[in-house]
Amino acid sequence: METFELRYFLGVARTQNIHKASEELHVSPGSLSKAITRLEEELSVKLFSREGRNIHLTEEGRLLQRRASEIIQLEESTRLELSGVKGTIQIRIAGPEILLMNWGINFSEKIKKDFPLAQFEFLASDDKRALESVERGEAHLAIVTSDIPASADVSVKTLGETTFKTYLSKEHPLHKKRKSLHVDELLKYGFVSPNHPLLGKVGVKQSLDGWRDDEFPRKIEYLTSSLKILEQIVSSGKAIAYLPEYFGKTQDFDVINVVGCPYTCNQKIKIVARNPKELSWLDW
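Here is a short report on the structure shown in this document. Since the structure is predicted, the reported quantities are computational estimates derived from the model, not experimental observations.

1. Quick notes on the packing of aromatic side chains
- Applying the stated criterion across every chain, the model contains nine aromatic pairs.
- The interplanar angle of 80° and the centroid separation of 5.6 Å between the aromatic rings of W103 and Y246 together place this pair among those described as edge-to-face. Here the residue W103 occupies a position in helix α5 (residues 97–114), and Y246 occupies one in helix α9 (residues 245–250), the gap between them amounting to 143 residues. Of the two residues examined, W103 and Y246, each falls in the buried class.
- Ring plane angle 65° and centroid distance 6.2 Å describe the contact between F216 and Y263, whose orientation is recorded as edge-to-face. With F216 in the loop between β8 (190–194) and β9 (219–224) and Y263 in the loop between β11 (254–259) and β12 (266–273), this pair connects stretches of sequence that are 47 residues apart.
- Through a chain of ring-to-ring contacts, three or more aromatic side chains come together here, namely F164, F191, W211 and Y242.
- The side chain of R218 reaches across the aromatic face of F191, ending 4.9 Å from its centre.

Following this line, the structure appears as C-alpha cells:
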C-alpha cells in the first residue's frame, strides 16, 4: 500500500463519491478509481459496495478508513518531528459552523504560531456528525457542545463556556425604546430561529436555539438553516434572536435584558481528538 493510495481512498471514503473526491483532491476520477482497485486487489476485499452511481463503504472499507487515517496521521507527525516548522500538514476540524467560526479559527491560530505552513479545512456539521468524523478518522478534531461519555477512543478538553442572550440590531424598533424588557412584552415581537442544530447542542426541553418555548412561546417569523441568513435577518432589524454571547458580540448586536424569564441556556465548548498523543502538532 502506498500512502498516496491511502490518501485517495480516504478522500473517496469521506465523500462516498468519486467525482466529489476528485474535485477536493485535484486528482482525476480515473486515478482515484485505479488506486481503489489496486487496494482492493492487494487486500483481496471489496472496500466499497456499488449501487448504481452511488458507492458505500463496506465493513472492510470502514476498517481500512480507520487504519488509513492512523497511518496518514503517523506519517504527517513523523515528517513534522523531523523537519520542524518546514513541514506542512493538513488539519481537518469538524463541528457546527458557529463554533468553527469562533473557537475553530482561534484554535487554528494557536497551531499556526508553531506550524506556520499548516493548512486547515473546516467541516461544518452538527455535533453528532462531527464526532463521527473524528471516530472514523475523517477529521483530526471536533469542536462540539454535546456531553461526551468517558471513552478510551477519544480525548476531550473544554475550550470555554458561553451563555445565550437575547439580541437585536440597531435597526429593530425595540432598540430605541429600552434595554430592559419584561418577557411578556418581548414575546409580542418576532424571532428568527434555526431549523436544525445550527448553534450546537442545547438542553432537552430547549428549542434548537436554547429558548424555552414550552414555557414562553415565541412568534417565530423566520426559520433558517443558514447562520449567514440568521445574521442578516437580525442585522436588518426584521427579528430578534437568542444567541451564544460570543457570537452576538462579534456581530455588533445589542443585548436586551429580559425580565421575568428564569431560564437561560449555557454551553460548554469542547474539543475532541482521537489519539491526541499521536498528533505531534497538537499541544494537548
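Picking up after the structure, the text goes on.
2. Let's talk about the nonpolar core
- One finds I91, L141, L174, L186, L243 and W281 to be the most contacted residues of the largest nonpolar core, which totals 52 residues.
- For this core, the leading source of residues is α5, giving six residues.
- Setting aside its immediate chain neighbours within four residues, I91 contacts I111, A118, Q119, F120, E121, H140 and W281.
- Counting 20 residues, the second largest nonpolar core, distinct from the first, contains Y8, A35, I36 and I72.

3. Comments concerning helix α2 (residues 18–25)
- Regarding α2, the residues found buried are I18, A21 and S22. One side of α2 holds all its buried residues, which, seen down the axis, span an arc of 105°. Opposite its buried face, α2 presents the exposed residues H19, K20 and E23, each directed more than 90 degrees away.
- In this structure, the buried residues of α2 make contact with α1 (3–15), α3 (29–43) and β2 (54–57).
- The opening residue of α2 is N17, an N-cap whose side-chain oxygen sits 2.9 Å from the backbone nitrogen of H19.
- Taken from the residues just after α2, H26 is the one with a positive phi, measuring 60°.

Calculation criteria
- Residues numbered from 1 in each chain as written.
- Predicted model: local features only at pLDDT ≥ 70, side-chain atom pairs only at ≥ 80, totals over all residues.
- Heavy atoms only, no water.
- Phe/Tyr/Trp six-rings, centres within 6.5 Å; stacked < 30°, edge-to-face > 60°.
- Helix = DSSP H or I, 4+ residues; strand = E, 2+ residues; numbered from the N terminus.
- Buried < 20%, exposed > 50% of the residue type's maximum accessible area, 1.4 Å probe, protein only.
- Lys NZ or Arg CZ within 6 Å of the ring centre and 35° of its normal.
- Core = buried A, V, L, I, M, F, W, Y, C linked by side-chain atoms within 4.5 Å.
- Contact = heavy atoms within 4.5 Å.
- Arc of directions from axis to C-beta.
- Polar contact = N/O pair within 3.5 Å; in protein donor to acceptor, adjacent residues only side chain to side chain.

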